[in-house]
Amino acid sequence: MKSKNVNLIVAILAFIFFLSYFRSSEPLETFGISVSVWVFRLLWLFIAIINILSYIKKRKLEHE
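Structural notes, computed from the coordinates. Here the structure is a predicted model, which means the values were calculated and not measured.

1. Describing the overall build of the protein chain
No. 1: On a plain count of helices and strands, the protein chain comes out with two helices and two strands.
No. 2: Helices and strands appear in the protein chain in the N-to-C order α-β-β-α.
No. 3: Computed over the C-alpha atoms, the radius of gyration of the protein chain is 15 Å, more than 25% above the 11 Å expected from 2.2 N^0.38 for a compact globule of 64 residues.
No. 4: C-alpha atoms of the protein chain, sized along the principal axes, occupy 45 × 20 × 15 Å.

2. Some thoughts on the packing of aromatic side chains
No. 1: For the coordinates displayed, the defined rule picks out two aromatic pairs.
No. 2: Judged by centre distance (4.8 Å) and plane angle (40°), the rings of Phe17 and Trp44 are tilted. Pair noted here: Phe17 is in helix α1 (residues 3–20) and Trp44 is in helix α2 (residues 37–63), with a separation of 27 residues, a long-range link.
No. 3: The partly exposed category is assigned to Phe17, whose relative accessible area is 40%.
No. 4: Over the ring of Trp38 we find Arg41, and its NZ or CZ is 4.4 Å from the ring centre.

3. Details of the side chain of Arg41
No. 1: Looking at where Arg41 falls in the secondary structure, it is placed in helix α2.
No. 2: Apart from the residues lying within four places of it in its own chain, the contact partners of Arg41 are Phe18, Tyr21, Phe22, Ser24 and Ser25.

4. Brief notes about the environment of Ser20
No. 1: For Ser20, the location among the structural elements is in helix α1.
No. 2: Assessed through its relative accessible area of 31%, Ser20 is described here as partly exposed.
No. 3: Residues Ser20 and Arg41 lie 21 residues apart in sequence; the distance between their C-alpha atoms is 8.9 Å.

5. As for a nonpolar patch on the surface
No. 1: A cluster of nonpolar side chains, contributed by Ile9, Ile12, Leu13, Ile16 and Phe17, occupies part of the molecular surface with about 450 Å² of accessible area.
No. 2: With respect to the helices, strands and loops of the structure, Ile16 is situated in helix α1.

6. With respect to α2
No. 1: Look at α2: 39 Å from first C-alpha to last across 27 residues, which is about the 39 Å you get at 1.5 Å a residue.
No. 2: If you follow the buried residues of α2, they end up packed against α1, β1 (28–30) and β2 (33–35).

Cut-offs applied
- Residues numbered from 1 in each chain as written.
- Predicted model: local features only at pLDDT ≥ 70, side-chain atom pairs only at ≥ 80, totals over all residues.
- Heavy atoms only, no water.
- Helix = DSSP H or I, 4+ residues; strand = E, 2+ residues; numbered from the N terminus.
- Rg over C-alpha atoms; globule rule 2.2 N^0.38 Å.
- Phe/Tyr/Trp six-rings, centres within 6.5 Å; stacked < 30°, edge-to-face > 60°.
- Buried < 20%, exposed > 50% of the residue type's maximum accessible area, 1.4 Å probe, protein only.
- Lys NZ or Arg CZ within 6 Å of the ring centre and 35° of its normal.
- Contact = heavy atoms within 4.5 Å.
- Patch = residues over 30% accessible without salt bridge, like charges linked within 9 Å, V, L, I, M, F, W, Y side chains within 5 Å.
- Areas by Shrake-Rupley, 256 points an atom, 1.4 Å probe, with all protein chains shown as cover.
- Salt bridge = Lys/Arg side-chain N within 4 Å of Asp/Glu carboxyl O.
- Expected span 1.5 Å × (residues − 1).

In short, the description is geometric, and any link to function would need to be established separately.
Shown next as structure tokens:
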């Protein structure tokens, strides 16, 4: 499987995780530390955006 396709799959999964955190509004426990749910939302959104941009860049290079 090409890394271009892996970027697309990771981006889709990250976006799904981003959307799934909208169901909860309470802080989440991570490694014994209470963290705002917005931190997780922004983290998954950032991962999705980075992977989408990487996919688009690799696709453009492939077509040239």
